[in-house]
Amino acid sequence: MTFTFPELADIRSITFTQALQHKIDTKTKPLGSLGRLESLALQLGEILGADSPVLTAPQLVVFAGDHGLVRRGVSAYPSDVSWQMVENFLAGGAAVSVFSGANQIALTVVDCGVKHDFLAGLPAGAARPGLRVCKVAGAERGTADSSEQAAMTALQCRQAIQHGIELVKTLPGNALLLGEMGIGNTSAASLLLARLAGLDIELCTGAGTGLDAAAVQRKTAILREVLARHPQATAPLDALAAFGGFEIATMVGAVLQAAHERRVIVVDGFIASSAVLVAHALQPLVLQRCVFAHRSGERGHEFMLQHLGVQALLDLGLRLGEGSGAALAWPLLQAACAMLREMASFESAGVSEKTGAEPVTVV
């Protein structure tokens, strides 16, 4: 399957990067003493094309969808939890609701294919605050069972990607934080990782919503069966259509559009990273715009980060999803930008710089 999207521009400029690095190096601190915050500041300056970057109107979007494969018992929770958690997001009771509120991040939930009508009982054309409905026609209740057939048709996959593209065009600000909800979506992410990175499915499969060791083994066996059923699904979009889900496909479109607009893309955990995995396979330069918030406790995430050649900011053992890790990492991005804008240089502060040689202590 093919999908036409404008080729991303390389945002790196040697001249600008060198000037930005010099600005960081001459702040009133020992060289490199702010560690990874310095490389984060450099990346944010490059993405936004500014040596004094300002993050504006951050948008955390939770993409939600259901998965037909859940009927095979790959999750510890029933699929009803997907729509129930969407209601929890909208009511402000979820972890991501609390964390985004604490950090003044706008939160939007997108129904990409949840088995529920969130607008039932409302007048035609009515909307609910914080909710966008972006269901794919003919697949309003989520993906098909990928152990029996492709999770999505090629057309449905393209439509979901397009929904993500159009969604981002309507959002303000210069930063997109990725979140997701969908019972069974760790299975889809594991399948995408195994196929696109060429890894054994056992390495890619974890406990998800809390499976015990025996259940993880059963889940792994089912996912191996799914992979065997779709041997020709090796191209990025073919794999996405074969394994799902609609929330991941919509997120792929959102990532591509946000990258095109040079927004900072804050990637949450395993599922959000699987969308970036697909987007990267289509347009490798998306990684220039991506900040990986944390390394998930979900087993496959470390292998996904290694395959992409990236390092996450935090390692807190999180495996909740929702965009919770992206919201928690947000203050680090704000601090990195503030350091570039507000921290004095040796020259401006009248502070002596390091001398050419270290002093020698005579005992």
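Our subject is the structure that appears above.
Residues numbered from 1 in each chain as written. Predicted model: local features only at pLDDT ≥ 70, side-chain atom pairs only at ≥ 80, totals over all residues. Heavy atoms only, no water.

J.: How would you sum up the pattern of salt bridges? Please name residues and give values.
T.: Considering all chains together, one arrives at 11 salt bridges under this definition. For glutamate 302, the salt bridge goes to arginine 295, with nearest N and O atoms at 3.4 Å. With a relative accessible area of 25%, glutamate 302 lands in the partly exposed category. Between aspartate 315 and arginine 295 there is a salt bridge, and its shortest N-O distance comes to 3.1 Å. You can see aspartate 315 sitting in the loop between helix H12 (299-308) and helix H13 (324-342) and its partner arginine 295 sitting in the loop between strand S6 (290-292) and H12, a full 20 residues away along the chain. A relative accessible area of 48% means that aspartate 315 is categorised as partly exposed. Exposure remark for arginine 295: the relative accessible area of 30% places this residue in the partly exposed category. Salt bridges sharing partners connect three or more residues here, namely Arg295, Glu302 and Asp315. (Salt bridge = Lys/Arg side-chain N within 4 Å of Asp/Glu carboxyl O. Buried < 20%, exposed > 50% of the residue type's maximum accessible area, 1.4 Å probe, protein only. Helix = DSSP H or I, 4+ residues; strand = E, 2+ residues; numbered from the N terminus.)

J.: I'd like a description of helix H8 (residues 213-229), backed by residues and values.
T.: With 17 residues, H8 extends 25 Å from end C-alpha to end C-alpha; this agrees with the ideal 24 Å at 1.5 Å per step. Of all the positions in H8, only Ala215, Val216, Lys219, Thr220, Ile222, Leu223, Val226 and Leu227 are classed as buried. Of the surrounding elements, those touching the buried residues of H8 are helix H6 (185-197), helix H7 (201-204) and helix H9 (236-243). (Expected span 1.5 Å × (residues − 1). Contact = heavy atoms within 4.5 Å.)

J.: Any chance you could break down the pairing of strand S5 (residues 264-267) for me, citing the residues and the numbers?
T.: The side chains of a regular strand alternate, residue by residue, between the two faces of the sheet. Side-chain alternation along S5 places Val264 and Val266 on one buried face and Ile265 and Val267 on a second face that is also buried. Bridging between S5 and S6 involves three bridges; their strand directions are parallel. Within S6, the residue paired with isoleucine 265 across the bridge is cysteine 290. Traced from S5 through helix H11 (residues 270-282) to S6, the parallel crossover comes out right-handed. (Pairing = 2+ DSSP bridges. Right-handed = clockwise from strand over helix to strand, strands pointing away.)

J.: Explain the pairing of strand S4 (residues 175-181) to me, using residue names and the numbers behind them.
T.: With seven of seven residues buried, S4 is to be regarded as a mostly interior element. Residues of S4 alternate between two faces, with Ala175, Leu177, Gly179 and Met181 on one and Leu176, Leu178 and Glu180 on the opposite face, all of them buried. Direction of pairing for strand S1 (residues 59-65) relative to S4: parallel, over a ladder of six bridges. When the sheet's bridge partners are listed, alanine 64 is paired in S4 with methionine 181.

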